[in-house]
Amino acid sequence: MITNISLVTVYCLDQDKARDFYVEHLGFESRTDITMGEGFRWVTISHPDQPELEVTLMIPGPPLDADAADFIRRQLEKGQMGGLGLQVDDCRKTYQELSAKGVTFLQEPSDRPYGVEAVMRDNTGNWLVLVEPKEFTPEDFA
């Protein structure tokens, strides 16, 4: 029986820089950093309040074939890859704090039917969504 999601992957171009961004700017913790066979490096982070979910910071490469890895690299370089949705208590306050740390935002906090949302980029170009959730119903979207 599946009990939860324990691992998700975020692609990056430089594992050290990506790890440092998530740790220094977003408050994540470094979890794993090991090299396995033929130079493959396994780097994970997790949020201190959700240690059961690790985020793998993965460079495009095996097990992807060369064409797929190249496509992902190009998408990252263009800033067209999705990343994570991050829940926050106060989106506007978090936006101010992260902006002061130099984090790039694509969208300032905006009211949505499901809460307050802001969109930012990590230092690789992945889109990250900050959401301060609120109760909603399907009718809120009509």
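Note: the structure precedes this text.
## Topic: the sheet that holds strand β5 (residues 82-87)
Right, so step 1: One open sheet accounts for four strands, arranged β5-β8-β7-β6; its pairing is mixed. At either end of the open sheet lies a strand with only one pairing partner, and these are β5 and β6 (104-112). The mean inter-strand angle of the sheet, taken between neighbouring strand axes irrespective of direction, is 15°.
Right, so step 2: As defined by bridge partners, β5 adjoins strand β8 (residues 127-133) across four bridges and the pair is classed as parallel. From the neighbouring strand, Gly-82 faces β8, where its bridge partner is Trp-127.
Right, so step 3: The sheet contacts of helix α3 (residues 91-100) involve β6, β7 (115-121) and β8, and relative to β6 the element is tilted by about 170°.

## A few points about unusual backbone geometry
Right, so step 1: At the junction of Pro-62 and Pro-63, the peptide bond is cis and its omega measures out at 15° in the coordinates.
Right, so step 2: Tracing the chain through its elements places Pro-63 in the loop between β4 (50-58) and α2 (66-78).

## Considering the pairing of strand β2 (residues 29-36)
Right, so step 1: Strand direction decides the pairing type here: β2 and strand β3 (residues 40-47), joined by seven bridges, are antiparallel. Pairing of Glu-29 across the sheet is with Ser-46, part of β3.
Right, so step 2: Linking β2 to β3, which pair antiparallel, is a turn of three residues; within it Gly-37 sits at a positive phi near 45°.

## Remarks on the packing of aromatic side chains
Right, so step 1: On inspection of all chains with the given rule, the structure shows six aromatic pairs.
Right, so step 2: Measuring from centroid to centroid gives 5.7 Å for Tyr-22 and Phe-28, while their planes differ by 90°, and the two rings are edge-to-face. Each member of the pair Tyr-22 and Phe-28 is classed as buried.
Right, so step 3: With 4.6 Å between their ring centres and 70° between their planes, Tyr-95 and Phe-105 make a pair best called edge-to-face. One end of the pair, Tyr-95, is in helix α3; the other, Phe-105, is in strand β6, with ten residues separating them in the sequence. For the pair Tyr-95 and Phe-105, one class covers both residues: buried.

What counts, and at which threshold
- Residues numbered from 1 in each chain as written.
- Predicted model: local features only at pLDDT ≥ 70, side-chain atom pairs only at ≥ 80, totals over all residues.
- Heavy atoms only, no water.
- Pairing = 2+ DSSP bridges.
- Helix = DSSP H or I, 4+ residues; strand = E, 2+ residues; numbered from the N terminus.
- Axes fitted to C-alpha atoms, helices over the stretch in contact; angles between N-to-C directions.
- Contact = heavy atoms within 4.5 Å.
- Phe/Tyr/Trp six-rings, centres within 6.5 Å; stacked < 30°, edge-to-face > 60°.
- Buried < 20%, exposed > 50% of the residue type's maximum accessible area, 1.4 Å probe, protein only.

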